[in-house]
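Here is what each chain is made of, one letter per residue.
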Amino acid sequence: MKIFIATKNKDKIKEISRILIPHNIEVITEADIKKPLSDVEETGTTFAENAFLKAQNGCKETGLITIADDSGICIDAFDGAPGVYSARFLPGLSYPEKNEEIMKRLQNADTRKAHYTCAICVVAPNGETFTVQGELHGEIAHSQRGSNGFGYDPIFKVGDKTVAEMDPEDKDKISHRGKALQLFEQRLPAFLKEINNADK
Ligand code: IMP
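Residues numbered from 1 in each chain as written. Predicted model: local features only at pLDDT ≥ 70, side-chain atom pairs only at ≥ 80, totals over all residues. Heavy atoms only, no water.

## Notes on the pairing of strand 4 (residues 113-123)
Quick note on the threshold: Accessibility here uses a 1.4 Å probe with only protein chains present; expressed as a share of the type maximum, an area under 20% marks a residue as buried, one over 50% as exposed, and anything in between as partly exposed. What counts as a helix is a DSSP run of H or I of at least four residues, what counts as a strand is a run of E of at least two, and both are numbered from the N terminus. Two strands are said to pair when DSSP picks up at least two bridges between them.
Of all eleven residues in strand 4, ten are buried; the element is thus mostly enclosed. Bridge analysis of strand 3 (residues 66-75) against strand 4 gives ten bridges, and the strand direction is antiparallel. By the bridge assignment, C74 is partnered in strand 4 with H115. Here strand 4 runs beside strand 5 (residues 129-140); their pairing, made up of eleven bridges, is antiparallel. Bridge pairing in strand 5 links A119 to Q133. What sits between the antiparallel neighbours strand 4 and strand 5 is a turn of five residues, in which G127 has the positive phi angle 95°.

As structure tokens, this is what we get:
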């Protein structure tokens, strides 16, 4: 079965493919299609809304069952920011610079608690859709550590390790995206059956 992943983010493609491929799913990405995907305006105020907008657009443009995710980091001391704006937070700064700035802003904070959230949405050409969500709770470290992962991983600590210090497979087991993908896998067979029945 072919599933199109509607994202330009190579790190997400890597993480999503790593989980889908063992389940006999042929992953199709933008590199495999003729026309580049048009950009979707992320106008939603929740991760689920934005994931739906991206999946709907990918499905419309490719005609394939399409999966898209929307994710981000929510920091308690910032009232949950940057949240859905994580990719657009502190524009112009590199991730190491953004991470330094976050730690600076947290210097006198009462709490360093934070969580990652990931919503994954699938949309089929007949309009059938479902969305799942996963979270990873942790806290913001006092220094950047590790070279795995991406984005905010060097400052996102779970227990003693930052996510950037974890092996990729260990990240998948506990991560917001890993958890959402596990739920996605569980619900996918029934979803596909429903689509087939609706087509008959
Ligand atoms: P999106 O592409 O709109 O979903 O933006 C997600 C943004 O959230 C990324 O660009 C990162 O800044 C952040 N993010 C989401 N998941 C992770 C993760 O697993 N590690 C580090 N940063 C993440």
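Let us keep going from here.
## Focus on the layout of surface pockets
Going by this rule: A cavity here means a set of 1 Å grid points, computed over protein atoms only, where a 1.4 Å probe fits but cannot escape. A pocket is an open set with protein on both sides within 12 Å along at least 5 of 7 lines, and lining residues have an atom within 4 Å of a point. Grid points are joined across faces, edges and corners, and a volume is the space filled by probe spheres set on the points. Each residue is assigned to one class: nonpolar for Ala, Val, Leu, Ile, Met, Phe, Trp, Tyr, Cys and Pro, charged for Asp, Glu, Lys and Arg, and polar for all the others, Gly among them.
Taken as a whole, the largest pocket encloses approximately 660 Å³ of empty space. The wall of the largest pocket is formed by 31 residues, among which N9, K12, E42, K54 and A87 lie closest to the centre. Of all the secondary-structure elements, those providing two or more residues to the lining of the largest pocket are helix 2 (47-62), strand 3 and helix 5 (176-199). Residue composition of the lining of the largest pocket, by class: eleven nonpolar, nine polar and eleven charged. If you add up the space inside the second largest pocket, you get close to 150 Å³. When contributions to the lining of the second largest pocket are tallied by element, the ones reaching two or more residues are helix 1 (10-20) and helix 4 (168-174).

## What about the pattern of salt bridges?
For clarity, the cut-off: Basic side-chain nitrogens of Lys or Arg form a salt bridge, by our definition, when they fall within 4 Å of a carboxyl oxygen of Asp or Glu.
On inspection of all chains with the given rule, the structure shows 13 salt bridges. Residue D69 is joined to K12 by a salt bridge in which the shortest nitrogen-to-oxygen separation is 2.8 Å. Placement of the pair is D69 in strand 3 and K12 in helix 1, with a sequence separation of 57 residues. With a shortest N-O distance of 2.8 Å, R105 and E101 are connected by a salt bridge. Of this pair, R105 and E101 both sit in helix 3 (residues 95-105), four residues apart, which is roughly one turn of that helix. Members of the salt-bridge network, linked through shared partners, are E42, K54, D70 and R88.

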